[in-house]
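Residues per chain are reported as follows:
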Amino acid sequence: MANIRDIAKLTGYSVSTISRVINNNPYVDEQKRQEILRVMEQVNYIPNHTARVLSSGKTKNIGVILPFVNHPYFDILLSGITASAFSRGYKVTLLPTRYEPEMEEKYLQEFAAKGFDALIITSRANPLEKLLPYRAYGRIVFCEKIDSVQDGCTYIDREQSIREVFAYLKENGIERIGITLGRSRKLSSNSKITVRLCQEYFPAFTEELIFWDCLTEEDGREAAAFFADKNVQAIFTNGDQVAAGIKLASSSERLLIGRDNLFISEVLQLSTIDYHLHECGEMALKLAIQEEQGSIRIPYTFIKRRGLEPHY
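Okay, so let's go over this structure. (Residues numbered from 1 in each chain as written. Predicted model: local features only at pLDDT ≥ 70, side-chain atom pairs only at ≥ 80, totals over all residues. Heavy atoms only, no water.)

Points about the nonpolar core
Inference 1: Core analysis: the largest hydrophobic core is formed by 66 residues, its most contacted members being Ile120, Phe166, Leu169, Ile177 and Ile179.
Inference 2: Counting residues per element, this core draws most heavily on helix H13 (residues 277-288), at seven residues.
Inference 3: Not counting chain neighbours up to four residues away, the residues in contact with phenylalanine 166 comprise Ile177, Thr194, Leu197, Cys198, Tyr201, Phe202 and Phe236.
Inference 4: Residues Leu95, Phe111, Leu119 and Cys153 belong to the second largest nonpolar core, which totals 17 residues. (Core = buried A, V, L, I, M, F, W, Y, C linked by side-chain atoms within 4.5 Å. Buried < 20%, exposed > 50% of the residue type's maximum accessible area, 1.4 Å probe, protein only. Helix = DSSP H or I, 4+ residues; strand = E, 2+ residues; numbered from the N terminus. Contact = heavy atoms within 4.5 Å.)

This is the structure in structure tokens:
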């Protein structure tokens, strides 16, 4: 099998020139580059990945920490990350945690050992105090707003989006709502914000009107049974799949509002919040490779569809 010195002999160029071509260095004459690439193809030369990493200090690989790989929210976010990465010649490695802190820490240690050029954390299993020290090893991007991180966050203004929904409900006479949420509030800033705003806008709201651990359509069907005797006028869900499950399992005329603007919400004419997750993923990648800097907010859209008007 040919090596880099063989390519140098066959082309008549120096090893350093061959190395620059292999590492996509822009400072190589285009004619030389094409000659070298042609010879590499003729002899079926495959660059040694490990050697390239040692030479350049770059893996061209972005690690993406996410809890699940089969959930619409993360699927859309990931589509933005991968599209942006692939168009720039980067690979993406998925690092699912199932919200297990030990698994997440294992990935962080791999990052510290230079396994990735950068990490994108779409949703975290550990507290910030555990994660922030790893920024000393390289670029970490968070898909949430963190006040202490001025560079390396892309986020959705969830609080403002929920305020807009709740204000609209209040304007239309809704006084008693139920909500569905995902994991424990101990770590989920989304859950904390939602509960706090429920208490602010709806004085009758209590934590007995929360259906927890709700992620899928099937969970939504269970939520429908949970809310059957709760005497709520509307249910604000944490996802369109959940809202669809509630609608399909209930004959009630309660208002349902989802999130993420999935196709199912359009089919069932459910109002929803479009968080523009694809754009959020694209921005996360740009921040990871330092094409962008700062803490960047992605705008949302509250989509009011037929059926939102209250039923009395």
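Here we look at the pattern of salt bridges
Inference 1: Considering all chains together, one arrives at 13 salt bridges under this definition.
Inference 2: Ionic pairing is found between aspartate 147 and lysine 145, a salt bridge with its closest N-O pair at 3.9 Å.
Inference 3: A salt bridge links lysine 170 to glutamate 175; its shortest N-O distance comes to 3.1 Å.
Inference 4: The class for lysine 170 is partly exposed, based on a relative accessible area of 30%. (Salt bridge = Lys/Arg side-chain N within 4 Å of Asp/Glu carboxyl O.)

Digging into the packing of helix H10 (residues 217-227) against helix H11 (residues 240-249)
Inference 1: Following both chains from N to C, one finds H10 and H11 inclined at 50°, their axes separated by 7 Å at the closest point. Judged on the interaxial angle alone, H11 and H10 are oblique. Crossing of H10 against H11: the hand is right-handed. In contact with Glu217, Gly220, Arg221, Ala223 and Ala224 of H10, H11 contributes Gln241, Val242, Gly245, Ile246, Leu248 and Ala249.
Inference 2: Residues that form the contact of H10 with H11 fall into these classes: six nonpolar, three polar and two charged. (Axes fitted to C-alpha atoms, helices over the stretch in contact; angles between N-to-C directions. Parallel < 35°, antiparallel > 145°, perpendicular 65-115°, else oblique. Left-handed = near helix turned anticlockwise from the far one by under 90°. Nonpolar A, V, L, I, M, F, W, Y, C, P; charged D, E, K, R; others polar.)

Details of the sheet that holds strand E9 (residues 255-259)
Inference 1: Taken in spatial order, the six strands of this open sheet run E7-E6-E8-E9-E10-E12, and their pairing is mixed. Looking at the sheet topology across the chains shown, the edges are occupied by strand E7 (210-211) and strand E12 (301-303).
Inference 2: Across three bridges, the pairing between strand E8 (residues 234-236) and E9 is parallel. When the bridges of E9 are listed, isoleucine 235 appears paired with leucine 256.
Inference 3: Strands strand E6 (177-180), E8, E9 and strand E10 (271-274) of the sheet are contacted by H11, whose axis makes an angle of about 155° with E9. (Pairing = 2+ DSSP bridges.)

Section: the environment of lysine 9
Inference 1: By the element assignment, lysine 9 lies in helix H1 (residues 4-11).
Inference 2: By relative accessible area, lysine 9 is classed as exposed at 71%.

Observations concerning the layout of surface pockets
Inference 1: Here the largest pocket is characterised by a volume of approximately 860 Å³.
Inference 2: Lining the largest pocket are 40 residues, with Tyr73, Arg158, Ser188, Ser189 and Asn190 sitting closest to its centre.
Inference 3: Secondary-structure elements contributing two or more residues to the lining of the largest pocket are helix H5 (72-86), strand E5 (153-156), helix H8 (158-171), helix H9 (189-201) and H11.
Inference 4: Counting residues per element, the lining of the largest pocket draws most heavily on H9, at four residues.
Inference 5: Looking at the lining of the largest pocket residue by residue, the class counts come to 17 nonpolar, eleven polar and twelve charged. (1 Å grid on protein atoms, 1.4 Å probe; cavity = no way out; pocket = protein on both sides within 12 Å on 5 of 7 lines; lining within 4 Å. Points joined across faces, edges and corners; volume = space filled by probe spheres on them.)

Some thoughts on the pairing of strand E1 (residues 61-66)
Inference 1: Among the six residues that make up E1, six are buried, leaving the element largely enclosed by the rest of the structure.
Inference 2: Side chains Asn61, Gly63 and Ile65 project from E1 onto one buried face, and the interleaved Ile62, Val64 and Leu66 project onto a second face that is buried too.
Inference 3: Relative to strand E2 (residues 91-96), E1 runs parallel, the two sharing six bridges. Counted as the bridge partner of asparagine 61 is lysine 91 from E2.
Inference 4: Running through H5, the crossover from E1 to the neighbouring parallel element E2 is right-handed.
Inference 5: With four bridges joining them, E1 and strand E3 (residues 118-121) adopt parallel strand pairing. Looking across to E3, one finds that glycine 63 is bridged to leucine 119. (Right-handed = clockwise from strand over helix to strand, strands pointing away.)

Considerations on the packing of aromatic side chains
Inference 1: Counted under the stated rule, the structure contains ten aromatic pairs.
Inference 2: When the ring of phenylalanine 166 is compared with that of phenylalanine 236, the centres are 5.4 Å apart and the planes differ by 75°; the resulting orientation is edge-to-face. With phenylalanine 166 in helix H8 and phenylalanine 236 in strand E8, the pair connects residues that are 70 residues apart, well separated along the chain. Both residues of the pair, phenylalanine 166 and phenylalanine 236, belong to the buried class.
Inference 3: The ring of tyrosine 275 is capped by arginine 158, whose NZ or CZ atom sits 4.9 Å from the centre of that ring. (Phe/Tyr/Trp six-rings, centres within 6.5 Å; stacked < 30°, edge-to-face > 60°. Lys NZ or Arg CZ within 6 Å of the ring centre and 35° of its normal.)

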